[in-house]
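Summary of the model geometry
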Amino acid sequence: MLLILTNPYAYEKALNLAIEQTAQTPDECKVVFVIDPDALDNLVRELGEKGWLGLGSQRTLHDSMLEGYRALAADILEDVRRLCAAADISVVTEVKEAPLLAYLRIIIERDNQPILVSGSGYLGATLEDVRGLVEWIQED
């Protein structure tokens, strides 16, 4: 099973489901926290277009946000490892910096495994063309 996390603040529902489903099989669970640089670019660009940030500030904010997401992802994956160990589930974790939709397409083509994707409702709407190939878990 592959669980893809996209939100550092809401992932518990998907993680609990992945642990529950993996506990019923002898397979290991792989949990990937995906940081989508395109999403960060869009956010920073929108702030710049609204006049909140100059070009130098945009680069600084983008770099700071990316660094912050990396740190949050590492903390979350440590929590994932701890929870999986408590449930006696073998887990492999990874942080991936890639556009989410492109990453999902690669995984879908390459692997034949159940894929859970966790994220906001807004993100879910952007994944319509792969929605039937993954199990979408909308986090509140």
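For the structure, check the block above.
Described in the following lines is the structure provided in the data block.

Scoring rules and cut-offs
Residues numbered from 1 in each chain as written. Predicted model: local features only at pLDDT ≥ 70, side-chain atom pairs only at ≥ 80, totals over all residues. Heavy atoms only, no water. Axes fitted to C-alpha atoms, helices over the stretch in contact; angles between N-to-C directions. Helix = DSSP H or I, 4+ residues; strand = E, 2+ residues; numbered from the N terminus. Left-handed = near helix turned anticlockwise from the far one by under 90°. Contact = heavy atoms within 4.5 Å. Nonpolar A, V, L, I, M, F, W, Y, C, P; charged D, E, K, R; others polar. Buried < 20%, exposed > 50% of the residue type's maximum accessible area, 1.4 Å probe, protein only. Polar contact = N/O pair within 3.5 Å; in protein donor to acceptor, adjacent residues only side chain to side chain. Pairing = 2+ DSSP bridges. Salt bridge = Lys/Arg side-chain N within 4 Å of Asp/Glu carboxyl O. Core = buried A, V, L, I, M, F, W, Y, C linked by side-chain atoms within 4.5 Å.

A word on the packing of helix α2 (residues 37-49) against helix α3 (residues 55-86)
The interhelical angle for the contact between α2 and α3, taken along N-to-C directions, is 145 degrees, at an axis separation of 10 Å. Considering the relative orientation of α2 and α3, their crossing is right-handed. In contact with Pro-37, Leu-40, Asp-41, Leu-43, Val-44, Arg-45, Leu-47 and Gly-48 of α2, α3 contributes Gln-58, Leu-61, His-62, Met-65, Leu-66 and Tyr-69. Of the residues that constitute the contact of α2 with α3, the class distribution is 9 nonpolar, 3 polar and 2 charged.

What about the side chain of Thr-6?
Looking at the secondary structure, you find Thr-6 in the loop between β1 (2-5) and α1 (12-23). Using a relative accessible area of 16% as the deciding quantity, one classes Thr-6 as buried. Polar contacts involving the side chain of Thr-6 include one to the main-chain carbonyl oxygen of Ser-118, which spans 2.6 Å.

Some words on the environment of Thr-126
Assignment of secondary structure puts Thr-126 in the loop between α5 (121-125) and β5 (135-138). By relative accessible area, Thr-126 is classed as partly exposed at 39%. Expressed as a C-alpha distance, the spacing of Thr-126 and Leu-101, which sit 25 residues apart in the sequence, is 8.3 Å.

Quick notes on the sheet that holds strand β4 (residues 115-119)
Taken in spatial order, the 5 strands make up an open sheet running β3-β2-β1-β4-β5, and their pairing is parallel. At either end of the open sheet lies a strand with only one pairing partner, and these are β3 (91-97) and β5. On average, each strand axis in the sheet is tilted by 20 degrees relative to the strand beside it, whichever way the strands run. Examined bridge by bridge, strand β2 (residues 29-35) and β3 share 7 bridges and lie parallel to one another.

Some points on the pairing of β4
Across the 5 residues that make up β4, a large majority, 5, are buried. Burial along β4 is two-sided: the face carrying Ile-115, Val-117 and Gly-119 and the face carrying Leu-116 and Ser-118 are both buried. Bridging between β1 and β4 involves 4 bridges; their strand directions are parallel. Paired with Ile-4 across the strands is Val-117, a residue of β4. In terms of strand pairing, β4 meets β5 through 4 bridges, oriented parallel. When the sheet's bridge partners are listed, Leu-116 is paired in β5 with Glu-135.

Considerations on the pattern of salt bridges
Throughout the structure, instances matching the rule amount to 5 salt bridges. Ionic pairing is found between Asp-111 and Arg-110, a salt bridge with its closest N-O pair at 3.2 Å. We classify Asp-111 as partly exposed; its relative accessible area is 26%. A relative accessible area of 54% places Arg-110 in the exposed class.

Details of the nonpolar core
If you look at the biggest cluster of nonpolar residues, it comprises 24 residues, and the most contacted ones within it are Leu-3, Leu-5, Val-31, Phe-33 and Val-80. Listed by contribution, the elements that provide at least two residues to this core are β1, α1, β2, α2 and α3. A total of 7 residues in this core trace back to one element, the largest contributor, which is α3. In this structure, Leu-5 is in contact with Tyr-11, Val-31, Val-32, Phe-33, Val-34, Ile-76, Val-80 and Ser-118, ignoring residues within four places of it in sequence.

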